Amino acid sequence: MIRRPGQAVDEGLLPQTTVAPVVPGFDVDQSVRNVESWGGDSTLYRHFLSQALAADDIAGGTDGPLPHTVLTLAALAAWRSGILDLRQDALTRLGEALGSGSVPRQALVSAVGLQPSELDDFASAQAESPFGWPARGDGDVVIARVGGFRGLGGAWTAPPMTGEHGDREGRFVITLTDGERWQLDADIFGTTLSRLPPDEAPTTATDPAGRPEASGAWPTRLAVFDTSYLAWLVLEKAR
Amino acid sequence: MPNRWNKISESPTRTGTGASHPGLTAEDLFRQPDRVDQVALDEKLRRIYFWLVNRAVISPFYDIEFSLDAPVSFALGDAGAELHLPTDQSYSSNVLLPLLTTAVGGKCLLVGGPGRGKTTLAVLMAVIAGTEPAEVRRSVQQGQPQLTVGDLVGMPLPRDLVNAASLPEITIAWRGWLTKPVKIIDEYNRIPTKTQSALLTMVAEGYVESYDQMLRTAPESGVESWFFTANDDSGGGTFPVIQALKDRVDVTVAAQGFNSRFFDELITRVEAGEKPEDHVPAELVFTPTEQAALAAAIRAVPVPRDVRRQLEFFASQFEFVQHGGRRFEYRTKDTVMTSGGQVGEVIDSNTGADLQVDLGAQTVNSISARALQSLITYAKAMAYFRGVDVVGLDDVAAVLPFSLRGKLLPNELHPRFETGADRELATDSISWLGDLFEQSRRQFLSLGLAKSDPVGDLLAEFAAGLDGVSQVESSRRLTAIESQIQTISKQKKLYGRHFDDLVALKYLHQRYTNYLQWLEGRPR
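Remember, it's a predicted structure, so these values are computed and weren't measured experimentally.

1. Some words on the domain arrangement of chain A
Interfaces are often described in size by the accessible area the parts lose on coming together. Residues and elements named next belong to chain A. One can read the domain layout of chain A as domain 1 (10-128) and domain 2 (141-235). Taken residue by residue, the interface counts 11 residues in domain 1 and 13 residues in domain 2. Summing both partners gives a buried area of about 900 Å² for domain 1 against domain 2, and 59% of it is carried by carbon and sulfur. Joining domain 1 to domain 2, the criterion identifies 1 salt bridge. One salt bridge connects Glu11 with Arg145, and the closest N-O pair in it is separated by 2.9 Å. For the pair domain 1 and domain 2, the number of links is 3 residue pairs in polar contact (both at pLDDT 80 or more). Looking at the side of domain 1 that touches domain 2, the elements with two or more residues in it are helix H3 (67-80) and helix H6 (119-128). At 4 residues, H6 tops the list of elements feeding residues into the side of domain 1 that touches domain 2. Partitioned by chemical class, the residues of the side of domain 1 that touches domain 2 number 5 nonpolar, 2 polar and 4 charged.

Encoded structure:
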């Protein structure tokens with residue numbers, strides 16, 4: 001079997017929804033297009049937003065979702081679909097919704113694909129690290145596979161040679177065997193890869209442990225293998 | 001009303017892998033992407049380009065290739081043909097170069113057989129620059145053997161001709177096309193020589209003169225571009241084009257033939273009776289303010305030192321010819337040409353240099369400073385168009401063949417053009433010029449000039465100024481210059497790159513000698 005790039009949290013998911021939900025006052029089709037243009041998975045977005053709005057409909061009992069509910073659920077669903085740049089806004093909205101109870105818990109849970117009992121742990125784990133996750137195992141856990149051979153739809157034409165921590169948590173600098181360097185930004189739901197200009201020196205971690213601050217509870221490393229075009233983002237045991 | 005002409009790119013036309021959008025919020029999710037009137041000028045330029053190639057002109061030719069890594073190539077046929085599939089956004093020269101001409105206010109020559117869309121492209125550029133389509137069509141100057149200067153620029157009012165006591169009292173009824181932002185001269189090689197000279201003043205100096213009256217041709221934006229069309233650029237036509245006018249052309253682009261796989265679009269146009277210039281979306285038209293800002297932004301794109309150095313190296317190859325004269329400074333192709341000699345024969349008589357290595361031997365002339373200025377301008381425009389911050393060697397390589405076509409001329413006596421696989425380069429000047437620059441880049445690297453540039457170091461040392469430079473230091477620098485000349489003189493074979501270095505070293509030697517004499521002569 002050929003391994004493809006992807007997030008571990010998405011494995012085994014079978015999104016059913018193919019059409020965007022209709023929400024009065026919101027152009028959901030436009031949001032789907034934006035999710036695609038920002039690099040998110042529009043199928044996952046439609047899936048999680050539909051599930052969340054359905055849960056809100058059951059729990060809410062009003063004529064329709066309130067605007068702030070739609071925005072909160074859309075931000076969470078879009079982040080869940082892989083858009084890293086929405087993480088901050090989504091977490092802020094999640095914190096407010098949990099604090100005020102303004103959005104049904106079941107809807108919030110559905111928007112990020114969690115179990116109801118995991119929501120509070122998820123919020124507190126994410127406050128610690130972009131890789132915080134409630135159902136954490138004991139050993140090393142693969143969070144994501146990135147890169148891949150371009151001929152098979154990946155990003156690279158040479159295998160990765162090294163993967164170093166970047167200048168902030170969730171950022172890595174990857175050097176390929178052909179000398180190209182790429183920057184990886186990652187969180188639990190998504191990754192973005194961008195090619196670094198050849199003459200630009202990447203900013204890598206400089207502390208003795210080679211890791212940026214705040215990763216102690218959720219340490220990560222990037223594993224590369226001679227035999228693979230993929231780089232594996234691994235969550236290690238807490239120190 | 002929406003129609004098939006109105007579709008323009010909604011998404012950014014050039015995004016990198018994993019483009020970042022910091023600070024996104026949930027509200028942004030439901031927002032329309034930026035419209036054209038809100039986007040940056042480089043994005044607007046790209047949207048115009050994609051509208052042109054996808055809607056207006058049928059041009060599926062992607063001959064300006066950019067690749068992030070080695071492109072996939074296929075060998076085709078048994079005559080060495082190759083098809084490359086580039087891995088980065090690549091472009092159609094016959095649309096992009098005219099568009100960049102409009103952006104920088106340049107001069108573009110479109111060559112190709114009749115019916116290939118040369119005039120249509122030029123008319124589209126004029127519409128994009130803000131002139132109404134009907135007005136543009138009226139403003140196109142048709143080259144013909146009876147075209148007089150008066151036909152071209154306008155006539156003195158008959159009333160004034162009768163009543164005026166002196167030339168300043170004569171009012172000229174100037175032609176309206178003279179002050180349009182885009183000026184189009186169709187079939188310029190059919191214009192009589194005298195009228196070509198009047199045209200040259202307009203093209204070169206930006207004004208027109210008649211009966212002692214003068215009119216500035218610059219439009220409101222200050223950015224004016226010229227488009228010339230010709231059925232060939234090898235001297236054909238009713239009248240030969242004067243060299244000075246030819247030399248003013250910044251880029252020469254061949255209009256490509258029609259690709260028969262796009263026949264449906266042609267039928268649709270015939271059935272609808274439509275002309276693309278009548279359907280340019282309003283969002284794609286530049287205002288005068290935008291044109292001025294666009295030209296300024298392009299000029300501001302920096303050319304980094306390593307790119308400048310490679311361009312210097314390339315340009316230095318072509319002036320020198322070993323037996324062109326006796327004194328060192330006169331050993332140039334220009335000396336031979338201005339004396340009526342044959343440069344090819346002079347090159348051939350030089351048995352000292354390796355013709356395969358000597359890039360200068362491939363040409364019968366050198367690159368003028370004006371041509372280099374055009375090249376730099378268009379390289380900046382290419383970098384700006386591609387959304388990169390500084391000019392790269394790939395930007396230079398992309399525009400160089402079009403910029404030097406018709407200006408850097410092949411030496412047909414060179415063995416490269418006589419036999420073998422490269423013989424076809426004698427007639428394909430775009431491929432030859434591209435290859436010439438590629439050869440120069442390889443030589444630059446193999447000579448280690450990227451790491452070591454002693455002549456450049458000496459020039460930089462001098463450029464830092466002479467304030468406080470002592471007699472001892474001046475003498476040391478003079479010795480260093482002589483030592484550098486000695487190093488070059490030890491090489492038995494002399495090439496164009498040495499010529500420019502030696503002339504520069506002599507210049508430095510003179511400047512230090514004069515300075516040293518001044519130091520020694522001043523009262524203590």
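2. Some details on the domain arrangement of chain B
Residues and elements named next belong to chain B. In terms of domain boundaries, chain B breaks down into domain 1 (93-299), domain 2 (305-446) and domain 3 (454-521). A C-alpha centroid distance of 29 Å is found between domain 1 and domain 2. Opposite the 22 residues of domain 1 that make contact, domain 2 presents 14 residues. A combined buried area of about 1800 Å² lies between domain 1 and domain 2, and 61% of that area is made up of carbon and sulfur atoms. The salt bridge involving Arg370 is made with Asp247; its shortest N-O contact spans 2.5 Å. Across the contact surface, domain 1 and domain 2 share 7 residue pairs in polar contact (both at pLDDT 80 or more). Of all elements in the fold, only helix H3 (93-104), strand S3 (107-111), helix H9 (243-248), strand S11 (251-254) and helix H11 (288-299) reach the threshold of two or more residues within the side of domain 1 that touches domain 2. Broken down by element, the side of domain 1 that touches domain 2 gets its largest block of residues, 7 residues, from H3.

3. Some details on the side chain of Lys380 of chain B
Residues and elements named next belong to chain B. Along the chain, the position of Lys380 falls in helix H15 (residues 369-386). Buried Lys380, no salt bridge; nearest opposite-charge side chain is Asp395, N-O distance 11 Å. Once residues lying within four places of it in the same chain are set aside, the contact partners of Lys380 are Ile298, Arg299, Ala300, Val301, Val303 and Val391.

4. Considering the packing of H11 of chain B against H15 of chain B
Residue and element names in this part refer to chain B. Relative orientation of the contacting elements H11 and H15 amounts to 105 degrees, with a least axis distance of 8 Å. Considering their axes alone, H11 and H15 lie roughly perpendicular with respect to each other. Counting all contacts with H11, which are made through Leu294, Ala297, Ile298 and Arg299, the residues of H15 involved are Thr377, Lys380, Ala381 and Tyr384. Counted by class, the contact of H11 with H15 contains 5 nonpolar, 1 polar and 2 charged residues.

5. Details of the environment of Asn350 of chain B
Residue and element names in this part refer to chain B. With respect to the helices and strands, the residue Asn350 is situated in the loop between helix H14 (343-349) and H15. Its relative accessible area of 13% is what places Asn350 among the buried residues. Residues Asn350 and Gly324 lie 26 residues apart in sequence; the distance between their C-alpha atoms is 9.8 Å. Here Asn350 is in contact with Gln322 and His323, once residues within four sequence places are set aside.

6. Points about the packing of helix H16 (residues 393-404) of chain B against helix H18 (residues 429-446) of chain B
Residue and element names in this part refer to chain B. At a minimum axis separation of 8 Å, H16 and H18 run at an interaxial angle of 140 degrees. In this view, H16 runs oblique relative to H18, as classed from their interaxial angle. Taken as a pair, H16 and H18 cross one another with a handedness that is right-handed. Within the contact between the two elements, H16 uses Leu393, Val396, Ala397, Leu400, Pro401, Phe402 and Leu404 and H18 uses Ile430, Leu433, Gly434, Phe437 and Arg441. Class assignment of the residues belonging to the contact of H16 with H18 gives a composition of 10 nonpolar, 1 polar and 1 charged.

7. Some thoughts on the interface of chain B and chain A
Residue-level contacts link 19 residues of chain B with 28 residues of chain A. For the pairing of chain B and chain A, the buried interface totals around 1900 Å² over both sides, and the portion due to carbon and sulfur atoms is 58%. Inspection of the chain B/chain A interface yields 1 salt bridge. As a salt-bridge pair, Arg93 of chain A and Glu27 of chain B come within 2.9 Å of each other at their nearest N and O atoms. Here the residues of the side of chain B that touches chain A are counted per class, giving 7 nonpolar, 8 polar and 4 charged.

8. Considering the pattern of salt bridges
Residues and elements named next belong to chain B. Throughout the structure, instances matching the rule amount to 36 salt bridges over all chains. With a shortest N-O distance of 3.3 Å, Arg46 and Asp42 are connected by a salt bridge. Taken together, the residues span about one helical turn, with Arg46 and Asp42 both in helix H2 (residues 41-56) at a distance of 4 residues. The two residues Arg46 and Asp42 agree in class, both being buried. The residue Glu461 makes a salt bridge to Arg476 at a minimum N-O spacing of 3.0 Å. Residue Glu461 is located in helix H19 (residues 454-463), and its partner Arg476 is located in helix H20 (residues 471-490); the two are separated by 15 residues in the primary sequence.

9. What about the packing of aromatic side chains?
Scanning the entire structure with this criterion turns up 28 aromatic pairs over all chains. Plain terms: the ring middles of Phe122 of chain A and Trp133 of chain A are 5.8 Å apart, the flat faces sit at 85 degrees to each other, and that makes the pair edge-to-face. Of this pair, Phe122 of chain A sits in helix H6 while Trp133 of chain A is found in the loop between H6 and strand S2 (141-147), placing the two residues 11 residues apart along the sequence. Trp133 of chain A shares its class with Phe122 of chain A; the two are buried. An angle of 40 degrees between the planes, with centres 5.1 Å apart, marks the rings of Tyr188 of chain B and Phe228 of chain B as tilted. One end of the pair, Tyr188 of chain B, is in the loop between strand S7 (182-186) and helix H8 (193-205); the other, Phe228 of chain B, is in strand S10 (residues 225-230), with 40 residues separating them in the sequence. What makes Tyr188 of chain B buried here is its relative accessible area of 3%. By relative accessible area, which is 1% here, Phe228 of chain B ends up buried. Members of the aromatic cluster, each reached through a chain of ring pairs, are Tyr49, Phe50, Phe66, Tyr91 and Phe385 of chain B. Above the ring of Phe66 of chain B, the side-chain terminus of Arg386 of chain B is found at 3.7 Å from the ring centroid.

10. Thoughts on the sheet that holds strand S4 (residues 141-142) of chain B
All names here are of chain B. What the 5 strands build is an open sheet, ordered S4-S7-S10-S3-S11; its pairing is parallel. With one partner strand each, in any of the chains shown, S4 and S11 form the two edges of the open sheet. The pairing of S3 with S11 spans 4 bridges and is parallel. Looking at S11, one finds that Leu109 is bridged to Thr252. Packed onto the sheet, H3 meets S3, S7, S10 and S11 and runs at close to 150 degrees relative to S11. Packed onto the sheet, helix H4 (residues 118-128) meets S3, S7 and S10 and runs at close to 165 degrees relative to S7.

So, how was this worked out
- Residues numbered from 1 in each chain as written.
- Chains lettered and ligands numbered in written order.
- Predicted model: local features only at pLDDT ≥ 70, side-chain atom pairs only at ≥ 80, totals over all residues.
- Heavy atoms only, no water.
- Domains from an automatic or database assignment.
- Contact = heavy atoms within 4.5 Å.
- Buried area = accessible area lost by both parts, 1.4 Å probe.
- Salt bridge = Lys/Arg side-chain N within 4 Å of Asp/Glu carboxyl O.
- Polar contact = N/O pair within 3.5 Å; in protein donor to acceptor, adjacent residues only side chain to side chain.
- Helix = DSSP H or I, 4+ residues; strand = E, 2+ residues; numbered from the N terminus.
- Nonpolar A, V, L, I, M, F, W, Y, C, P; charged D, E, K, R; others polar.
- Buried < 20%, exposed > 50% of the residue type's maximum accessible area, 1.4 Å probe, protein only.
- Lys, Arg positive; Asp, Glu negative; His and termini not counted.
- Axes fitted to C-alpha atoms, helices over the stretch in contact; angles between N-to-C directions.
- Parallel < 35°, antiparallel > 145°, perpendicular 65-115°, else oblique.
- Left-handed = near helix turned anticlockwise from the far one by under 90°.
- Phe/Tyr/Trp six-rings, centres within 6.5 Å; stacked < 30°, edge-to-face > 60°.
- Lys NZ or Arg CZ within 6 Å of the ring centre and 35° of its normal.
- Pairing = 2+ DSSP bridges.

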